Number of protein chains: 2
Amino acid sequence: MDYFQMESYLKAIGDSNRMRILKYLMKDSLCICEFTELMNMTQPAISQHMKKLKQAELVLEEKRGRWTIWSLNIRHAQYPILIHLLSLLPEPERTIETLKAGGKKVVCE
Amino acid sequence: MDYFQMESYLKAIGDSNRMRILKYLMKDSLCICEFTELMNMTQPAISQHMKKLKQAELVLEEKRGRWTIWSLNIRHAQYPILIHLLSLLPEPERTIETLKAGGKKVVCE
DNA sequence: TTATTATATAAGTGTTTGCTTATTAATACA
DNA sequence: TGTATTAATAAGCAAACACTTATATAATAA
């Protein structure tokens, strides 16, 4: 890993909203519309954050019908560091459980 | 550590020039004028980077005559993570040894 | 087909970043 | 006393960033 690769990696992680996204992804794979509910952000804002995380290869996307399901890239060389950093952070206020309770959890077959 | 503290921490580290500075500091404590030689950057540019690292409490400063000697803050709670991240990076091209060879190493009593 | 849903992308905006040059402050030395 | 030397700070600037609203694309449902 050279200095510019490390810079890109740390900049991709180093945003509080993207850390919240990554923290959620430690628990479950999610789609854009679920993040907009969980984080109270607009759909383009989330999409743009996912694009950055994707460019850093921190996440993977899978198209499923109308949805794009995002997950952590557990094969990333620095995945253990990412998990360690995220483990230092508290759980976000709104949980995936409240999503389910509100009937907003997406279940795509 | 909350999300904004982690963001500040990662942003402080997440710059290729600041990582070079930190990598040098793993080997030795250095002053601004030595960094300008090692990194071929202007004095204010280095000073401003040190200010950011200081605000993140990643480095400590000690005034010695005309010089300010900077060192790694080994008491920082996330110091082990920092060392691990820096260990993934190659040694910078210009070494502290070439500084000494060029008679540019500062020795302040 | 048409409408709806989920997402991506484009364009615009205010803020932050990392430099630059200029200046100031403080110490050391002649 | 000056006069270097070292470093901090100020002001200015171009580029990057994180959002916004508007629009485009693609899949599903009626």
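Residues numbered from 1 in each chain as written. Chains lettered and ligands numbered in written order. Predicted model: local features only at pLDDT ≥ 70, side-chain atom pairs only at ≥ 80, totals over all residues. Heavy atoms only, no water.

Here we take up the overall build of chain A. When you go through chain A residue by residue, the secondary structure sums to six helices and three strands. Listing the helices and strands of chain A from first to last along the sequence gives α-α-β-α-α-β-β-α-α. Radius of gyration (C-alpha) of chain A: 14 Å, near the 13 Å computed for a compact globule of 109 residues. For chain A, the C-alpha atoms occupy an extent of roughly 45 × 30 × 25 Å along the three principal directions. The burial tally for chain A puts 47% of its 109 residues in the buried class. Restricting to contacts in chain A with at least 6 residues of sequence separation, those with at least 24 account for 61%. (Helix = DSSP H or I, 4+ residues; strand = E, 2+ residues; numbered from the N terminus. Rg over C-alpha atoms; globule rule 2.2 N^0.38 Å. Buried < 20%, exposed > 50% of the residue type's maximum accessible area, 1.4 Å probe, protein only. Contact = heavy atoms within 4.5 Å.)

With that settled, the discussion passes to the protein's contact with DNA strand D. Around DNA strand D, the structure places 26 residues, and the nearest of them are Asn-17, Thr-42 and His-49 of chain A together with Cys-33 and Gln-43 of chain B. At the protein interface, 69% of the atoms of DNA strand D within 4 Å belong to sugar or phosphate. Thr-42 of chain A places a side-chain nitrogen or oxygen 2.8 Å from a phosphate oxygen of DNA strand D. Within the contact set of DNA strand D, a base oxygen lies 3.1 Å away from a side-chain nitrogen or oxygen of Gln-48 of chain A. Of all the secondary-structure elements, those providing two or more residues to the surface near DNA strand D are α2 (16–27) and α4 (43–55) of chain A together with α3 (32–39), α4 (43–55), β2 (59–64) and β3 (67–72) of chain B. Considered class by class, the residues forming the surface near DNA strand D number nine nonpolar, nine polar and eight charged. (Near = heavy atom within 4 Å. Polar contact = N/O pair within 3.5 Å; in protein donor to acceptor, adjacent residues only side chain to side chain. Nonpolar A, V, L, I, M, F, W, Y, C, P; charged D, E, K, R; others polar.)

What follows covers the protein's contact with DNA strand C. Close to DNA strand C lie 25 residues; Cys-33 and Gln-43 of chain A together with Asn-17, Thr-42 and His-49 of chain B are nearest. In the environment of DNA strand C, a base nitrogen lies 2.6 Å from a nitrogen or oxygen atom belonging to the side chain of Gln-43 of chain A. Side-chain polar atom of Asn-17 of chain B to a phosphate oxygen of DNA strand C: 2.7 Å apart, as the coordinates give it. Elements supplying a minimum of two residues to the surface near DNA strand C: α3 (32–39), α4 and β3 (67–72) of chain A together with α2 (16–27) and α4 of chain B. Here the surface near DNA strand C is composed, by residue class, of nine nonpolar, nine polar and seven charged.

Time to look at the pairing of strand β2 (residues 59–64) of chain A. Residue and element names in this part refer to chain A. As judged from the six bridges shared by β2 and β3, these two strands associate in the antiparallel manner. Its bridge partner being in β3, Glu-62 is matched across the sheet by Ile-69. In textbook terms, the turn of a hairpin is the stretch between consecutive antiparallel strands, and for β2 and β3 this stretch comprises two residues, one of which, Gly-65, has a positive phi near 60 degrees. (Pairing = 2+ DSSP bridges.)

Residues and elements named next belong to chain A. Phi angles above zero are rare outside glycine, and Asn-40 is one such case at about 55 degrees. Looking at the secondary structure, you find Asn-40 in the loop between α3 and α4. Residue Asn-40 is classed as exposed on the basis of its relative accessible area, which comes to 62%. Residues other than glycine seldom take positive phi values, yet Glu-57 does so here, at roughly 60 degrees. Locating Glu-57 in the fold gives a position in the loop between α4 and β2. Residue class for Glu-57 comes out exposed when judged on its relative accessible area of 53%.

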